[in-house]
Amino acid sequence: MTEASYITATRAAYDIVAVDYARLLSTESPETPVDLAMIEAFASLVRSAGAGPVADLGCGPGRITAHLHALGLPAFGIDLSPAMVATARKAYPDLQFDVGSMTALSLADDSVAGVVAWYSIIHTPPALLPMVFAEFRRVLAPGGHLLLAFQVGNERLHIEHGYGHSVSLDAYRLLPDDIAELLTQAGLLVQARMIREPQAREKARQACLLGRKPAVP
């Protein structure tokens, strides 16, 4: 089966920038205290439900995976980019990182207590997000929790430069109401939303959504 062009472009771009991306984020954390509070709320919800495995999807160099682990969750990372996975494995050798796609996860049904997609849905064309959210629901155990982060807006941006390299991929700003509706249509319950104003070099408002798979089908 032919791979979707956006997947090929996303993998190629992140393979190119992986080392410099990880180097930059090792010296400055882009998360604000409010962002960290949402991650900690997610971790608390998962721990209270028994703290099963948590999949950090689109994990990049593994920062958020490691943070989830530090919060007491048995987290592992999956990323489309082999170079990102290699970088994550080098930085966090005690954690598990694998190459994979959010559109077809090599995870069993009902197998994870939590899914995190920290700015990793932004390269998926919005029309294809229902497929991604259906995959999130499939792998989440009943009662499992979901955390999404993305930039707020209603536009497609074409990126040609990143982290000192020439790249070519699209990114999408998304409306929280639209994402909440798509999650609902996928059978996931939206529990909380956080929308904050841009900080530092950010050019758009940022959103986090907490969701949950119903405990009873």
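Look above for the structure.
In this report, the structure presented in the accompanying data block is examined. Note that the structure is a prediction, hence the values are computed from the model and not measured.

Each value, and the rule that gives it
- Residues numbered from 1 in each chain as written.
- Predicted model: local features only at pLDDT ≥ 70, side-chain atom pairs only at ≥ 80, totals over all residues.
- Heavy atoms only, no water.
- Pairing = 2+ DSSP bridges.
- Helix = DSSP H or I, 4+ residues; strand = E, 2+ residues; numbered from the N terminus.
- Axes fitted to C-alpha atoms, helices over the stretch in contact; angles between N-to-C directions.
- Contact = heavy atoms within 4.5 Å.
- Phe/Tyr/Trp six-rings, centres within 6.5 Å; stacked < 30°, edge-to-face > 60°.
- Buried < 20%, exposed > 50% of the residue type's maximum accessible area, 1.4 Å probe, protein only.
- Parallel < 35°, antiparallel > 145°, perpendicular 65-115°, else oblique.
- Left-handed = near helix turned anticlockwise from the far one by under 90°.
- Nonpolar A, V, L, I, M, F, W, Y, C, P; charged D, E, K, R; others polar.

## Points about the sheet that holds strand β4 (residues 112-118)
Piece 1. Pairing is mixed across the open sheet formed by 7 strands, whose spatial order is β3-β2-β1-β4-β5-β9-β8. The sheet terminates laterally at β3 (97-99) and β8 (189-196), the two strands that pair on one side only. Along the sheet, successive strands turn relative to each other by an average axial angle of 15°, direction set aside.
Piece 2. Inspection of the sheet shows strand β1 (residues 54-57) paired to β4 by 3 bridges, in the parallel sense. Bridged to A55 within β4 is V115.
Piece 3. The strands touched by helix α4 (residues 82-91) are β2 (75-79) and β3; relative to β3, the strand with the most contacts, the crossing angle is about 170°.

## Description of the pairing of strand β6 (residues 155-162)
Piece 1. Judged from the 7 bridges that link them, β6 and strand β7 (residues 165-173) form a sheet pairing that is antiparallel. Residue pairing in the sheet places H158 in a bridge with D170 of β7.
Piece 2. Hairpin connection from β6 to β7: 2 residues lie between these consecutive antiparallel strands, with Y163 at a positive phi of about 55°.

## Description of the packing of aromatic side chains
Piece 1. Per the stated rule, a full pass over the model turns up 3 aromatic pairs.
Piece 2. Aromatic pair Y92 and F97: ring centres 6.5 Å apart, planes at 40°, arrangement tilted.
Piece 3. Judged by centre distance (5.9 Å) and plane angle (45°), the rings of F133 and F136 are tilted. Here the residue F133 and the residue F136 both occupy positions in helix α5 (residues 129-139), the gap between them amounting to 3 residues, near one helical turn.
Piece 4. With a relative accessible area of 0%, F133 lands in the buried category.
Piece 5. Under the relative-accessibility criterion, F136 is labelled buried at 0%.

## Some remarks on the packing of α5 against helix α6 (residues 176-185)
Piece 1. Contact geometry for α5 and α6: axes closest at 9 Å, N-to-C directions at 55°. Considering their axes alone, α5 and α6 lie oblique with respect to each other. Here the hand of the crossing between α5 and α6 comes out right-handed. Together, L129, P130 and F133 of α5 and I179, L182 and L183 of α6 make up the contact between the two elements.
Piece 2. Residue composition of the contact of α5 with α6, grouped by class: 6 nonpolar, no polar and no charged.

Read these as layout, nothing more, since geometry by itself doesn't imply function.
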